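Examining the three-dimensional arrangement
Given next are the chains, with one letter for each unit.
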Amino acid sequence: GIQVEQSPPDLILQEGANSTLRCNFSDSVNNLQWFHQNPWGQLINLFYIPSGTKQNGRLSATTVATERYSLLYISSSQTTDSGVYFCAVPIQGGSEKLVFGKGMKLTVNP
Amino acid sequence: ETGVTQSPTHLIKTRGQQVTLRCSSQSGHNTVSWYQQALGQGPQFIFQYYREEENGRGNFPPRFSGLQFPNYSSELNVNALELDDSALYLCASSLVGGSGYTFGSGTRLTVV
């Protein structure tokens, strides 16, 4: 089945710093989602981004489907950005059933 | 617009027991998916329901079963609980052809 790899696995930043998270996937996909899991366990959908670039405030994401990767940029990080970031792609085709990466734990210190 | 709500939030069960977890979908969503997230791992797909029928299943044994009701709410049932079933169980609703999931806050199940 499709494999999803995220890097780096852990990242510690000072407030105000910028970061880039990477997601590689092993097969062609027609959608990709980025999620943030807060310390209470809730997964928040950040981006639904099959290709191209989207921006939402301090966050932006770029997916290059032909090269099988996606990047999540966090600018001017805040302590509330702490948590685990996941990317996820469909198990197959246009399915809504997702395969998640192992996640990237971000800690933003004041 | 209501989000996805799950109940209970926490649960402790004994090995061998049975458990039922509940999920209310976001208004307007017709598909419900369940995921299991072990500590330190990404969520793993258990199964999905669409129009009250199972619409795909991950690599989970038959003792994991589910239901979807006409109002699109859903249940996850696990029989003969094992210690390894201890995890965060996440429910997500979506709209077929839509643009992504809405997740609930999860039920944290501990099997002792």
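Here, every reference points to the structure presented above.
These numbers come from a predicted model, not from an experiment.

Residues and elements named next belong to chain B. Tallying each qualifying case throughout the model produces five salt bridges over all chains. For glutamate 75, the salt bridge is made with arginine 22, and the minimal N-O distance between the two is 3.5 Å. Separated by 53 residues along the polypeptide, glutamate 75 in strand S8 (residues 74-78) and arginine 22 in strand S3 (residues 19-24) bring together distant segments of the chain. The class of glutamate 75 is buried, set by a relative accessible area of 15%. A single salt-bridge network, built from bridges that share partners, covers Arg63, Glu82 and Asp85.

In this section: the layout of surface pockets. Put simply, the largest pocket is a space of about 540 Å³. Taken together, 22 residues make up the lining of the largest pocket; nearest its centre are Ile2(A), Val99(A), Phe100(A), Pro43(B) and Gln44(B). Of all the secondary structure elements, the ones that give two or more residues to the lining of the largest pocket are strand S1 (4-7) and strand S10 (98-100) of chain A together with strand S5 (44-50) of chain B. Here the lining of the largest pocket is composed, by residue class, of 10 nonpolar, 10 polar and two charged. One number sums up the size of the second largest pocket: a volume of about 300 Å³. What lines the second largest pocket is a set of 20 residues, among which Gln37(A), Val84(A), Gln37(B), Gly40(B) and Gln41(B) lie closest to the centre. For the lining of the second largest pocket, the secondary structure elements donating two or more residues are strand S9 (83-90) and strand S11 (104-109) of chain A. Partitioned by chemical class, the residues of the lining of the second largest pocket number nine nonpolar, seven polar and four charged.

Backbone hydrogen bonds are what pair the strands of a sheet, in a parallel or an antiparallel way. Residues and elements named next belong to chain B. The strand order S1-S3-S8-S7 describes an open sheet built from four strands, whose pairing is antiparallel. Looking at the sheet topology across the chains shown, the edges are occupied by strand S1 (5-7) and strand S7 (64-68). With direction set aside, neighbouring strand axes in the sheet form an average angle of 15 degrees. As paired elements, S7 and S8 share five bridges and run antiparallel to each other.

Put simply, Ser7(A) and Pro8(A) share a cis peptide bond, and its omega is -15 degrees. Along the chain, Pro8(A) turns up in the loop between S1 and strand S2 (10-14). In the segment running from Ser7(B) into Pro8(B), the intervening peptide bond is cis, with an omega of -10 degrees. Tracing the backbone through its elements, the reader meets Pro8(B) in the loop between S1 and strand S2 (10-13). One non-glycine residue, Arg68(A), lies in positive phi territory at about 60 degrees.

What counts, and where the lines are drawn
Residues numbered from 1 in each chain as written. Chains lettered and ligands numbered in written order. Predicted model: local features only at pLDDT ≥ 70, side-chain atom pairs only at ≥ 80, totals over all residues. Heavy atoms only, no water. Salt bridge = Lys/Arg side-chain N within 4 Å of Asp/Glu carboxyl O. Helix = DSSP H or I, 4+ residues; strand = E, 2+ residues; numbered from the N terminus. Buried < 20%, exposed > 50% of the residue type's maximum accessible area, 1.4 Å probe, protein only. 1 Å grid on protein atoms, 1.4 Å probe; cavity = no way out; pocket = protein on both sides within 12 Å on 5 of 7 lines; lining within 4 Å. Points joined across faces, edges and corners; volume = space filled by probe spheres on them. Nonpolar A, V, L, I, M, F, W, Y, C, P; charged D, E, K, R; others polar. Pairing = 2+ DSSP bridges. Axes fitted to C-alpha atoms, helices over the stretch in contact; angles between N-to-C directions.

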